[in-house]
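Close look at the chain arrangement
One letter stands for each residue in the lines below.
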Amino acid sequence: MHILPTIRKIFEGVATRHEMHRMFNRHRGNPAMAEGEAGHFFAGEWFEIAESEHDYTFEILPPLWMRGDMFAMREFMTASVTSVFLSLSIDGQMRWFHGYCDLSDRASPERMKAAIIERESRPVRAMTREERLEHIWSSTHDDYRGYAGERWPAAVRGRRTVLVYAGQHGTALKLLDDLTEMEIAAKLPVQLRHLPEAVAA
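The structure displayed is predicted, hence computed values, not measured ones. (Residues numbered from 1 in each chain as written. Predicted model: local features only at pLDDT ≥ 70, side-chain atom pairs only at ≥ 80, totals over all residues. Heavy atoms only, no water.)

Overview of helix α4 (residues 51–60)
Just so we agree on the cut-off: Exposure categories follow from relative accessible area, calculated using a 1.4 Å probe and restricted to protein chains: below 20% of the type maximum is buried, above 50% is exposed, and the middle band is partly exposed. We count a stretch as a helix when DSSP gives it H or I for four or more residues in a row; a strand needs E for two or more, and each element gets its number in order from the N terminus. Directions pointing from the helix axis toward each C-beta atom define the arc.
For α4, the set of buried residues is E53, H54 and T57. Buried residues in α4, looked at end-on, bunch into an arc of 105 degrees, giving them a common side.

What follows is the structure, given as structure tokens:
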């Protein structure tokens, strides 16, 4: 049975070109990447980009396909997962997005489009806890994030870790999912720290 990936926003705001390329590689250190089994990490992820980044990617290679307000990259990230770029009118304003879709499911680009429009049409700017954690992962430098290895209990090996300030003890690695609200706030940019909590869809 084919399990549909969770469609999720991984960065708050409009990503610069540098940030966009960093997010293309946000799972680079995951052991599954070396084994070619990382498609499920990418499928369903999306973030907003500027029109210039949308047009830049369109000009790199001829697209795999074009469908009105979206096109797919010819180069695949893993297996059947590739980048899909979207030009969407949301509340009367044109905006541009990048998402990873698993094209073995032909309906995945349309589901991605619908999810982005639904998420970005909310009247109040807010973030779920999961979106805050994803933003932290996307924006943290490679030197300060990683994956739980052999020194961690077997049950959590392979899960994402980030460096946190541990008071008088200096810094320590902690599982991303286990960050406290205070630690999350400390790692978010000032303009995102006080956004209201959104209800997960």
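Having put the structure on the table, let's press on.
Observations regarding the packing of aromatic side chains
Which entries qualify depends on this criterion: In summary, the pairing rule links any two rings of Phe, Tyr or Trp, Trp by its six-membered ring, whose centres are within 6.5 Å, and it sorts them by plane angle into stacked for under 30 degrees, edge-to-face for over 60 and tilted for everything else. A ring has a charge above it when a Lys NZ or an Arg CZ is no more than 6 Å from the ring centre and no more than 35 degrees off the ring normal.
Applying the stated criterion across every chain yields a total of six aromatic pairs. Taking 5.1 Å as the distance between ring centres and 70 degrees as the angle between the ring planes, the aromatic pair formed by F42 and Y100 counts as edge-to-face. Note that F42 is positioned in helix α3 (residues 39–42) and Y100 in strand β6 (residues 93–102), a separation of 58 residues in sequence. Just as F42 is buried, Y100 falls in that class too. With a centroid separation of 5.1 Å and 75 degrees between ring planes, the pair formed by F58 and F71 is classed as edge-to-face. Of this pair, F58 sits in helix α4 while F71 sits in strand β4 (residues 70–78), placing them 13 residues apart in sequence. For F71, a relative accessible area of 4% translates into the label buried. Above the face of the W137 ring, R160 is positioned so that its terminal group lies 5.2 Å from the ring centre.

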